[in-house]
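Each chain is listed here by its residues.
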Amino acid sequence: MTVGIVMLVHTALDRAEQVARHWTASGCPVVIHIDRNVRRRTHRAFVQALEGDPLIRFSKRHRCEWGTWGIVAASQSASELMLKTFPEVRHVYLASGSCLPLRPVQELIDYLAARPQTDFIESATTADVPWTVGGLDEERFTLRFPFSWKRQRGLFDRYVALQRRLGIRRRIPAGIVPHMGSQWWCLTRQTLSAILEAPNRKVFDDYFKGVWIPDESYYQTLIRLYSRNVESRSLTLSKFDFQGKPHIFYDDHLQLLRRSDCFVARKIWPRADRLYQAFLTDSAHAMKKTEPNPGKIDRIFSKAVERRTRGRPGLYMQSRMPKHGFENGITSAQYSMFQGFAELFDDFETWLARATGARVHGHLFAPDRAEFAGGQTLINGALSDSATVRDYAPESFLTNLIWNSRGERQCFQFGPADNQAVNWLVARDPNAQVSVISGAWAVPLFRSNRNFGEIRKEAARLQKIEKEHLDVLRSYYAKARVRIWTMAEFVEAPMEPLQTIVDEIGMVHQRRLTEAPRMVDLSGFGQFLQNLKNQGMHPYLMGDFPVEQAPATAPGTPRKPYLVR
Amino acid sequence: MRVRRRYRLLRAARKSFELKPFQDHTGAIRKTDVLLICTMRNEGVRLPYFLSYYRGLGVGHFLFVDNDSSDDTLDQLAGQPDVSVWTTTASYRRSTFGVDWVNWLARKHAHDHWTLVVDPDEFFIYPFCDTRPIPALVDWLDNSSIRSFSAMLIDVYPKGRIDAQPYLPGQNPLEIASWFDSGNYTIKRNKTYGNLWIQGGPRARMFFAEAPEQAPALNKIPLVKWHRKYAFVSSTHTLLPRGLNQVYDDSGGEKASGALLHAKFLDTFTAKASEELERGQHYANSMEYRAYAERLKDNPDLWCKWSEKYINWRQLEILGLMSKGNWA
């Protein structure tokens, strides 16, 4: 008893020849089907090369086009020839010219001999499998497909749409339930002959001729009628990407394939010399006798598909440039934007760095330069601090900065005096943590030594800009974690907000804060605001500040740093 | 757009009279060969490594345009069976910086071939390039119905003065210029042609800090399954028809892409920059070379603390400069 190989070939005939010889060398008969589309001269040379081998036969040729009946017809005639010519065959294994046996053929023979009644074929009902191309799963069986998907794509799509709209459905023949699965199977003589010799085979054939991609459903469906023992998996390792094309194996997959323990893999790049050499020089490279275990390969290929369809969040590059709303992560990591804190606290940056362990930048979008942490002129990724370069593409600047410093939390200061071009990007970004003390921009003005007329003008400008920014942050589209306090609110009880922010950054501190940043002396600030009001410029973003000194400040004594025990 | 494409092709045909065949081995091109088209001038010193690098990657045939070299370029190429050469003394600028010549050669010889268009100082890197030759890549692209492959220009530079280490013929330039900028690139969309416009890197950082909008474009699409109706518009940055420029995914995924390591900054550069400035044959009034000459006087060090040392394609992949896409 042995295994018969039915081999469908259409390209890379030299490799097919090599593999066919490999099978027959271990006593497995091979029936080869050559696609009708293969040129006559190539075909003749191929047949001549293999003709001397008593275990090789060539079956009637059909024209095979992807997704059409030809492939099933090819496997039918080849299987019939196999069953007729080689009576010692118990299992028939369907393979292609680009399949490569990974384990010694004898192991496959032994494996199948130990399971004489088992049919290995992946077969699942359409409702249960997600791997279909073009959204056609159940409709493969109920619509008609007279047009070629490859050559007449437009007609194909339009005809499908038309049938959907008119609600035309084909009748599925009585007695069968559509199943689908990998087209590469290994069936017992009993089952296969039952399918091929069925009295109503013509009914089924006629029906499946109109089904889309019948090679993935013909045997998979009929098996359920005749088989006594279906093992629903394919012995051929074959991975498909998101477009339904098989992944290809190359020389560098050698170790991976060795460890897969699968019997046969497809599809192999025809010029992968090392693979063919390693696996076709028998038993020296024998793998241990274990059950097939393609887990690792699975992972690699599913990761590849995910990279192609989802990509790396927050990455913008030559081959990934998501349009608005399709970013799948506007930035690559979480970061914090602080507005008004550096104005209200003298040592906010150093304090924050100490409290959280994050990298704390100054005003990254300041008008003169990007104030990187530590006063650096360049930063990760050779990103420059030049304001001209930054303002040329401010959004790229921010996404680059976050991408370049992956693994390290970034915090930066922001304010109405800075370049406002990134406001929408930050507001839409769920990775952003935005904390705003509104109106704190007035503090530097308050402490400055400028003419009051100038201050008034500047205050009006900054208030307008901040108001617009707050509108963005409060908009319906904002996805960032936004916290906004008026300055009056914040000064009243600064510890609680600070604690929340630091907890959320959550890097170093799990305990309560023991140290607060040093707040600037605000005595006289209320009066300053009143003066602005008296000049006709109404500052409202900082909330209600009493004209007289804030009650929290003990009159006369300079403010001391907070200490909470 | 069709008009623009026709115009390009017409120009190519007109400029084809400037090309004189010096050595025509195009009869030896086989149906499945990957071709390489390159325009150059006085690059004899780079040729030996260039040829061996691309032969190693599996390029089947080289098509060179020699723009009036005065060094041993032609002697080196003479007699090589996989090299065809055309010479011209005509103006580089008036042939749209070589684009017309390249379009013509591609139209004439590269129809239905995968075609790589690079400069002599550009080294093509793609996913798995250390284990899989270019034919593996183009087979995969064919299988995936992809017609063009993006490879962004990444400038590599030495640590220290540019002229500190002399470059010798046959030497791998990456031994000297092995550093690059990893994360200061800006991307804009070009609405007219549908391609991306990438700028940045050490040239933008050092030479164009005052005028970043003038920094050279780094987006390139050097590998195309050529059709006689295709045309490059400006260098290999832009192609027509526009569909070829769609080398990026805009719904969040990553398409496969590579990189062109641009080893311009070797000791040969200083001489080249002053020569090119004199000839005035380069893009936008040789503005780029003007900027170089300006800065090169004080011999700047392009290297900085955050420069990355080039290791392999996997490093570029991790840094997000290129992507494997769904090739695994």
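Residues numbered from 1 in each chain as written. Chains lettered and ligands numbered in written order. Predicted model: local features only at pLDDT ≥ 70, side-chain atom pairs only at ≥ 80, totals over all residues. Heavy atoms only, no water.

1. A word on the overall build of chain B
- When helices and strands are counted, chain B shows nine helices and 16 strands.
- Here the C-alpha radius of gyration of chain B, 19 Å, is about what a compact globule of 328 residues would show, namely 20 Å.
- With the C-alpha coordinates of chain B rotated into their principal frame, the extents come out at 50 × 50 × 40 Å.
- A total of 328 residues make up chain B; the buried ones form 63% of that total.
- If you take every contact in chain B between residues at least 6 apart in sequence, the share linking residues at least 24 apart comes to 73%.
- Here chain B displays about 12600 Å² of accessible surface, and carbon together with sulfur accounts for 51% of that area.
- Separation of charge centres in chain B, based on 43 positive and 37 negative side chains, amounts to 8 Å. (Helix = DSSP H or I, 4+ residues; strand = E, 2+ residues; numbered from the N terminus. Rg over C-alpha atoms; globule rule 2.2 N^0.38 Å. Buried < 20%, exposed > 50% of the residue type's maximum accessible area, 1.4 Å probe, protein only. Contact = heavy atoms within 4.5 Å. Areas by Shrake-Rupley, 256 points an atom, 1.4 Å probe, with all protein chains shown as cover. Lys, Arg positive; Asp, Glu negative; His and termini not counted. Charge placed at Lys NZ, Arg CZ, Asp CG, Glu CD.)

2. A look at the interface of chain B and chain A
- In this assembly, 58 residues from chain B lie in contact with 48 residues from chain A.
- Both faces combined, the contact of chain B with chain A buries some 4400 Å², and carbon together with sulfur accounts for 51% of it.
- For the pair chain B and chain A, the number of links is five salt bridges.
- Note that A:Arg308 and B:Asp249 form a salt bridge whose closest N and O atoms lie 2.6 Å from each other.
- Our count for the chain B to chain A interface comes out at 34 residue pairs in polar contact (both at pLDDT 80 or more).
- Breaking the side of chain B that touches chain A down by element, the ones donating at least two residues are α5 (134–143), β8 (151–155), β10 (185–189), β11 (196–200) and α9 (313–319) of chain B.
- Of the residues that constitute the side of chain B that touches chain A, the class distribution is 25 nonpolar, 18 polar and 15 charged. (Buried area = accessible area lost by both parts, 1.4 Å probe. Salt bridge = Lys/Arg side-chain N within 4 Å of Asp/Glu carboxyl O. Polar contact = N/O pair within 3.5 Å; in protein donor to acceptor, adjacent residues only side chain to side chain. Nonpolar A, V, L, I, M, F, W, Y, C, P; charged D, E, K, R; others polar.)

3. Some thoughts on a nonpolar patch on the surface
- Taken together, the side chains of A:Leu162, A:Leu166 and A:Ile168 make up a nonpolar region of the molecular surface, amounting to roughly 260 Å² of accessible area.
- Summarising the element assignment, A:Leu162 is placed in helix α6 (residues 153–166). (Patch = residues over 30% accessible without salt bridge, like charges linked within 9 Å, V, L, I, M, F, W, Y side chains within 5 Å.)

4. Re the sheet that holds strand β5 (residues 114–117) of chain B
Residue and element names in this part refer to chain B.
- The seven strands are arranged β1-β4-β3-β2-β5-β12-β7 in an open sheet whose pairing can be described as mixed. At either margin of the open sheet sits one strand with a lone partner, and together these are β1 (20–23) and β7 (148–149).
- Where β1 lies against strand β4 (residues 83–88), three bridges are found, and the strand directions are antiparallel. Note on β4: the bridge partner recorded for Lys20 is Thr87.
- Against the sheet, helix α4 (residues 99–109) engages β2 (35–40), β3 (61–67), β4 and β5, with an angle of about 155° to β2. (Pairing = 2+ DSSP bridges. Axes fitted to C-alpha atoms, helices over the stretch in contact; angles between N-to-C directions.)

5. Topic: a positive patch on the surface
- Taken together, the side chains of A:Arg39, A:Arg40, A:Arg41, A:Arg44 and B:Lys31 present a region of like positive charge at the surface.
- Take A:Arg40: it is sitting in helix α2 (residues 40–50).
- Judged by its relative accessible area of 68%, A:Arg40 falls in the exposed class.

6. Here's the deal with the side chain of A:Ser435
Residues and elements named next belong to chain A.
- Tracing the sequence through the fold places Ser435 in strand β18 (residues 432–438).
- By relative accessible area, Ser435 is classed as buried at 1%.
- If we ignore the near neighbours within four places in the chain, the residues touching Ser435 are Met337, Phe338, Gln339, Phe341, Arg483, Trp485 and Ile501.

7. Some words on the confidence of the model for chain A
- Taken over all residues, the pLDDT of chain A has a mean of 86, while the share at 70 or more is 92%.
- Every residue in residues 550–558 of chain A is under pLDDT 50, and counting partners more than four places away or in other chains gives four contacts. (pLDDT = per-residue confidence, 0-100.)

8. A closer look at the packing of aromatic side chains
Residue and element names in this part refer to chain A.
- Taken as a whole and assessed by the stated rule, the structure comprises 59 aromatic pairs over all chains.
- With a centroid separation of 6.4 Å and 80° between ring planes, the pair formed by Phe341 and Trp485 is classed as edge-to-face. Of the two residues, Phe341 sits in helix α13 (residues 341–344) while Trp485 sits in strand β19 (residues 481–486), which places them 144 residues apart along the sequence.
- Ring centres of Phe452 and Phe528 lie 6.4 Å apart, and the angle between their planes is 80°; on these two criteria the pair is classed as edge-to-face. Residue Phe452 is located in helix α19 (residues 452–473), and its partner Phe528 is located in helix α22 (residues 525–534); the two are separated by 76 residues in the primary sequence.
- Through a chain of ring-to-ring contacts, the aromatic side chains of Phe338, Phe341, Phe345, Phe348, Trp351, Trp485 and Phe490 assemble into a single cluster.
- A cation sits over an aromatic face here: Arg406 above Trp403, 3.7 Å from the ring centre. (Phe/Tyr/Trp six-rings, centres within 6.5 Å; stacked < 30°, edge-to-face > 60°. Lys NZ or Arg CZ within 6 Å of the ring centre and 35° of its normal.)

9. Observations regarding the sheet that holds strand β11 (residues 236–238) of chain A
Residues and elements named next belong to chain A.
- The strand order across the open sheet built from three strands is β5-β12-β11, with neighbouring strands paired in mixed fashion. In the strand order of this sheet, the two ends are held by β5 (100–101) and β11, each with one partner.
- Examined bridge by bridge, β5 and strand β12 (residues 264–266) share two bridges and lie antiparallel to one another. Its bridge partner being in β12, Pro101 is matched across the sheet by Val264.

10. Topic: helix α1 (residues 2–15) of chain B
Residue and element names in this part refer to chain B.
- Given a rise of 1.5 Å per residue, 14 residues ought to cover 20 Å, and the 20 Å separating the end C-alpha atoms of α1 matches this to within 8%.
- Listed as buried for α1 are Arg5, Arg8, Leu9, Arg11, Ala12 and Lys15. Taken down its axis, α1 places every buried residue within 155° of arc, on the same side. When the buried face of α1 is taken as reference, the exposed residues oriented beyond 90 degrees from it are Arg2, Val3, Arg6, Leu10 and Arg14.
- Contact partners of the buried residues in α1: α4, β13 (231–234) and β14 (238–240). (Expected span 1.5 Å × (residues − 1). Arc of directions from axis to C-beta.)

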